[in-house]
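Listed below are the residues making up each chain.
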Amino acid sequence: MTVSKRTFLIFWIGGLVIFAGSLVLHAPLAIEAVPGGILDHQGAPHAVAVDAIQRAWRDAGLLETAKTAMISDLVFIGIYGLGAALGGLYFRASGRALGKDGLTGLGVAILAAGVVFLVTDYAETITQLIQLTRFAGNDAMAGFASSMGVPKALSFLFSFFAVPVALVWEWRAGKAA
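A brief look at the structure comes next. This is a predicted model, so every value here is computed, not measured.

## Comments concerning the packing of helix 5 (residues 101–134) against helix 7 (residues 149–176)
And step 1. For the pair helix 5 and helix 7, interaxial distance at closest approach is 8 Å and the crossing angle is 150°. In terms of axis orientation, helix 5 runs roughly antiparallel to helix 7. Helix-helix and strand crossings are classified by hand; for helix 5 and helix 7 the assignment is left-handed.
And step 2. When the residues that make up the contact of helix 5 with helix 7 are grouped by side-chain class, the tally is 15 nonpolar, five polar and four charged.

## So, the packing of helix 4 (residues 63–98) against helix 5
And step 1. Viewed as axis vectors pointing N to C, helix 4 and helix 5 meet at an angle of 165°, and their least axial separation amounts to 7 Å. Looking at the two axes, helix 4 sits roughly antiparallel to helix 5. The chirality of how helix 4 crosses helix 5 is left-handed.
And step 2. Considering only residue class, the contact of helix 4 with helix 5 consists of 24 nonpolar, twelve polar and five charged.

## Here's the deal with the environment of Thr-120
And step 1. Note on placement: Thr-120 falls in helix 5.
And step 2. Separated by 50 residues in sequence, Thr-120 and Glu-170 place their C-alpha atoms 29 Å apart.
And step 3. In terms of polar contacts, Thr-120 uses its side chain to reach the backbone carbonyl oxygen of Val-116, at 2.7 Å.

## A closer look at the nonpolar core
And step 1. Ranked by internal contacts, the top residues of the largest apolar core, which has 20 residues, are Phe-8, Tyr-80, Phe-91 and Ile-110.
And step 2. At the level of elements, helix 1 (5–26), helix 4, helix 5 and helix 7 are the ones that each hand at least two residues to this core.
And step 3. Here the element with the most residues in this core is helix 4; it accounts for eight residues.
And step 4. In contact with Phe-8, other than residues within four places in its own chain, are Val-3, Gly-83, Leu-86, Gly-87, Tyr-90, Phe-91, Val-163 and Leu-167.

## Let's talk about the environment of Ala-145
And step 1. Examined against the element boundaries, Ala-145 turns out to sit in helix 6 (residues 139–147).
And step 2. Overall, Ala-145 belongs to the buried group, its relative accessible area being 1%.
And step 3. A sequence separation of 82 residues divides Ala-145 from Leu-63, and the C-alpha atoms of the two residues are 19 Å apart.

## Describing the pattern of salt bridges
And step 1. Summed over the entire model, instances satisfying the criterion amount to four salt bridges.
And step 2. The salt bridge involving Glu-64 is made with Lys-67; its shortest N-O contact spans 3.5 Å. Residue Glu-64 and its partner Lys-67 are both found in helix 4; the two are separated by three residues, about one turn of the helix.
And step 3. Residue classification places Glu-64 among the exposed residues on the basis of a relative accessible area of 54%.
And step 4. Of the charged contacts, one joins Glu-124 and Lys-152 as a salt bridge, the two residues approaching to 3.0 Å between their closest N and O atoms. Here the residue Glu-124 occupies a position in helix 5, and Lys-152 occupies one in helix 7, the gap between them amounting to 28 residues. Each of the two residues, Glu-124 as well as Lys-152, counts as buried.

## Details of the packing of aromatic side chains
And step 1. Counting across every chain of the model gives 14 aromatic pairs.
And step 2. A ring pair is formed by Tyr-80 and Phe-117, whose centres lie 5.6 Å apart and whose planes are at 85°; its orientation type is edge-to-face. One end of the pair, Tyr-80, is in helix 4; the other, Phe-117, is in helix 5, with 37 residues separating them in the sequence.
And step 3. Residue classification places Tyr-80 among the buried residues on the basis of a relative accessible area of 0%.
And step 4. Seen from their ring centres, Tyr-90 and Phe-91 are 5.1 Å apart, and the 75° between their planes marks the pair as edge-to-face. For the pair Tyr-90 and Phe-91, one class covers both residues: buried.
And step 5. By way of ring pairs, the aromatic residues Trp-12, Phe-19, Phe-76, Tyr-80, Phe-117, Phe-156, Phe-160 and Phe-161 are connected into one cluster.

Conventions used here
Residues numbered from 1 in each chain as written. Predicted model: local features only at pLDDT ≥ 70, side-chain atom pairs only at ≥ 80, totals over all residues. Heavy atoms only, no water. Axes fitted to C-alpha atoms, helices over the stretch in contact; angles between N-to-C directions. Helix = DSSP H or I, 4+ residues; strand = E, 2+ residues; numbered from the N terminus. Parallel < 35°, antiparallel > 145°, perpendicular 65-115°, else oblique. Left-handed = near helix turned anticlockwise from the far one by under 90°. Nonpolar A, V, L, I, M, F, W, Y, C, P; charged D, E, K, R; others polar. Polar contact = N/O pair within 3.5 Å; in protein donor to acceptor, adjacent residues only side chain to side chain. Core = buried A, V, L, I, M, F, W, Y, C linked by side-chain atoms within 4.5 Å. Buried < 20%, exposed > 50% of the residue type's maximum accessible area, 1.4 Å probe, protein only. Contact = heavy atoms within 4.5 Å. Salt bridge = Lys/Arg side-chain N within 4 Å of Asp/Glu carboxyl O. Phe/Tyr/Trp six-rings, centres within 6.5 Å; stacked < 30°, edge-to-face > 60°.

Shown next as structure tokens:
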């Protein structure tokens, strides 16, 4: 599959722009009763914690805000994750074309990070949204969602930093050729 630089950058940068908008939507959820906001909900290991957070949001009149913010996450996840995966495909091919095995390998790693991010963040956010729309925590869902946090964060951070590194590497390799 051939991916253009323009296509992957549109998705990857577009995802980051949507992420910034999503952060704005999440900001009101970090009220005194839930200082970590959505991060507290994501990390809640059991139904009791989820219920306490959701009650605090309801009491503050923020339930609809929480739903909107989580839906914005779903949009961000898809666009950014696809952008990272497409970027990985692009750099894999670019590295081969330039004869740079390291860039090819980095492309494969970016592709893997994009896929891991898509799977883990969708799994986390969908289980959170189900609990929120039911207004009832569930031990299995809460535990599952909280277990996705580390792989989601690591895959996001890796792709966030690796894509610019790969762009510079490709640029330098192209100048040297």
